[in-house]
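# Structural overview for review
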Amino acid sequence: MKVAALSGGVGGAKLAEGLARAGAELTVIANTGDDFEHLGLSISPDIDSLVYALAGLADRERGWGRADESWSFMAALGALGGETWFNLGDADLAMHVIRSQRLAAGEPLSAVTAAILHRLGVAAKVVPATDQRLRTLVETETGPLAFQHYFVRERTAPRVTGFTFEGAGTARPAPGALEALREAERIVICPSNPYISIDPILAVAGYRDAVRDAVCVSPIIGGKAVKGPAAKMMEELGLKPSSAAVARHYRGLIRTLVIDEADAHEAAAVEAEGVRAVVVPTLMAGPEDAERLARIVLEA
Ligand code: GDP
Ligand code: CA
């Protein structure tokens, strides 16, 4: 089945791996609002989470980066007085160096990503939301923060008041993204953070019109995010952290929301938003769980 999925990093990548294992002919449209330049390198954290997951290289325990990683570079960098708030593993560093080099030579991010996937023997496609610059700014009570400063340096502590997606007004979907959505027999919104992983993609002109009748897996289980600030953000934005809030957020884009058994009591509230609720276990502790959940998404 031809599947196009919108995804952020880690939560989305788990389902993307499941979809690939379930035999989907998969194109993942990846958030690039988290991308940034650091230590002279071009870093695309969500693309990398997807690439590592699909290539079977991801570190499942840590939840980001590569398995069997070593950290000599960070130690040496710290000893020389360099910035160490953003961790870059030794093997991971190779990804950022290759990407930076090819971007500097004028290749678009989509082509660089495709070449890396090909090199790693991954059949699924990962298409950046856009080849142009897109940068999420997190508006907080103490002022706006660049995404990685909010997420990593400040550890998501500041209270969020809103988001700005710099560049979204002039950015265009990367080659292949809208085609994949048009040709898809199933459009999926991964269990990614709605505000900082999916909304930056949807802010680029063309995506909102191309996403229809999608199936989404809720990132909220039992009123909490499995990982990260999604539930905290909902509270700070004046919403009750819940799958019903996810359904409301994606109204008009999704036909079905897959919610966890722990939230079976929310099914009626989800359906009140005009969205069908499918209640199943949605925690992906490993690739088998992810594949099982992916099959439900494909059959929904
Ligand atoms: P990031 O870009 O690395 O922050 O990753 P995403 O935005 O793609 O994923 C973060 C979201 O994934 C969080 O809101 C989590 O609640 C959600 N998430 C992580 N693991 C799981 C899981 O196993 N099941 C479900 N349903 N959600 C998950
Ligand atoms: Ca991310």
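Each remark here, short or long, concerns the structure printed above.
Rules used throughout
Residues numbered from 1 in each chain as written. Chains lettered and ligands numbered in written order. Predicted model: local features only at pLDDT ≥ 70, side-chain atom pairs only at ≥ 80, totals over all residues. Heavy atoms only, no water. Helix = DSSP H or I, 4+ residues; strand = E, 2+ residues; numbered from the N terminus. Rg over C-alpha atoms; globule rule 2.2 N^0.38 Å. Buried < 20%, exposed > 50% of the residue type's maximum accessible area, 1.4 Å probe, protein only. Contact = heavy atoms within 4.5 Å. Near = heavy atom within 4 Å. Polar contact = N/O pair within 3.5 Å; in protein donor to acceptor, adjacent residues only side chain to side chain. Areas by Shrake-Rupley, 256 points an atom, 1.4 Å probe, with all protein chains shown as cover. Nonpolar A, V, L, I, M, F, W, Y, C, P; charged D, E, K, R; others polar. Axes fitted to C-alpha atoms, helices over the stretch in contact; angles between N-to-C directions. Left-handed = near helix turned anticlockwise from the far one by under 90°. Right-handed = clockwise from strand over helix to strand, strands pointing away. Pairing = 2+ DSSP bridges. Donors = N, O, S within 2.8 Å, 3.2 Å for Na, K, Ca; no water. Salt bridge = Lys/Arg side-chain N within 4 Å of Asp/Glu carboxyl O. Parallel < 35°, antiparallel > 145°, perpendicular 65-115°, else oblique.

A count of helical and extended segments in the chain gives 13 helices and 14 strands. In terms of C-alpha radius of gyration, the chain reaches 18 Å, essentially the compact-globule figure of 19 Å for 300 residues. Taking all 300 residues of the chain together, the buried fraction comes to 55%. A separation threshold of at least 6 residues defines the contact pool for the chain, and within that pool the share at least 24 residues apart is 65%.

Around ligand 1 sit 21 residues, and of these Ser192, Ser197, Pro219, Val226 and Met284 come closest. Between ligand 1 and glycine 12 there is a distance of 3.0 Å, counted from an oxygen atom to a backbone nitrogen or oxygen. The side chain of serine 197 places a nitrogen or oxygen atom 2.6 Å from an oxygen atom of ligand 1. When ligand 1 sits alone it has 600 Å² of accessible area, and the protein chains cover 93% of it. A per-element tally of the shell around ligand 1 places helix 1 (residues 10-21) first, with four residues. Of the residues contributing to the shell around ligand 1, the split by class is nine nonpolar, nine polar and three charged.

In the contact formed by helix 1 and helix 2 (residues 45-54), the axes pass within 9 Å of each other and the chain directions differ by 35°. In this structure, helix 1 meets helix 2 at a crossing whose hand is right-handed. Where helix 1 approaches helix 2, its residues Val10, Gly12, Ala13, Ala16, Glu17 and Ala20 are matched on the opposing element by Ser49, Leu50, Ala53 and Leu54. Split into classes, the residues belonging to the contact of helix 1 with helix 2 amount to seven nonpolar, two polar and one charged.

Quick look at the environment of alanine 16 now. Mapped onto the fold, alanine 16 is located in helix 1. Sequence separation between alanine 16 and glutamate 291 is 275 residues; the distance between their C-alpha atoms is 9.0 Å.

The next subject is the pairing of strand 1 (residues 2-7). Burial within strand 1 is extensive, with five of its six residues counted as buried. In this fold, the crossover linking strand 1 to strand 2 (residues 25-30) by way of helix 1 has right-handed handedness. Sheet topology note: the strand 1/strand 9 (residues 186-189) ladder contains four bridges and is parallel. Within the sheet, the bridge partner assigned to valine 3 lies in strand 9 and is arginine 186.

This part takes up the coordination of the calcium ion (ligand 2). Donor atoms from the polypeptide that coordinate the calcium ion (ligand 2) comprise Asp34 (OD), Asp46 (OD) and Asp46 (OD), at 2.0 to 2.6 Å from the metal. Taken together, the positions of aspartate 34 in the loop between strand 2 and strand 3 (36-38) and aspartate 46 in helix 2 put the pair twelve residues apart, joining distant regions of the chain. Here aspartate 34 and aspartate 46 have matching classes, each one buried.

Moving on to the pairing of strand 6 (residues 135-140). Judged by how many residues are buried, strand 6 sits mostly within the fold: five of six residues are covered. Summarising the sheet, strand 6 and strand 8 (residues 160-166) pair through six bridges and their orientation is antiparallel. Looking across to strand 8, one finds that leucine 137 is bridged to threonine 164. Here strand 6 pairs with strand 7 (residues 143-146) via four bridges, running antiparallel.

This part is about the pattern of salt bridges. A full pass over the atoms with the stated rule returns 14 salt bridges. Between arginine 153 and glutamate 154 there is a salt bridge; the shortest N-O distance is 3.4 Å. For glutamate 154, a relative accessible area of 31% translates into the label partly exposed. Notably, a salt bridge pairs arginine 292 with aspartate 289, separated by 3.6 Å at the nearest N-O pair. Of the two residues, arginine 292 and aspartate 289 are both situated in helix 13 (residues 287-299); the distance of three residues between them amounts to about one turn of the helix. Where salt bridges share partners, they join Arg21, Glu291 and Arg295 into one cluster.

Attention now goes to the sheet that holds strand 13 (residues 254-260). Spatial strand order, 5-2-1-9-10-13-14: seven strands in an open sheet with parallel pairing. Because the sheet does not close on itself, it has two edges, and the strands there are strand 5 (125-128) and strand 14 (276-280). Within this sheet the neighbouring strands show an average axis-to-axis angle of 25°, counted without direction. Examined bridge by bridge, strand 2 and strand 5 share four bridges and lie parallel to one another. Directly across from alanine 30, in strand 5, lies its bridge partner proline 128. Relative to the sheet, helix 2 contacts strand 1, strand 2 and strand 5, its axis offset from that of strand 2 by approximately 155°.

Helix 4 (residues 90-104) packs onto helix 2 with a crossing angle of 120° between their chain directions and a minimal axis gap of 12 Å. For the element pair helix 2 / helix 4, the angle class is oblique. The handedness of the crossing between helix 2 and helix 4 is right-handed. Counted together, Ile47, Asp48, Val51 and Tyr52 of helix 2 and Asp92, Met95, His96 and Arg99 of helix 4 form the full contact between these two elements.

Geometric values such as these leave the question of function open.
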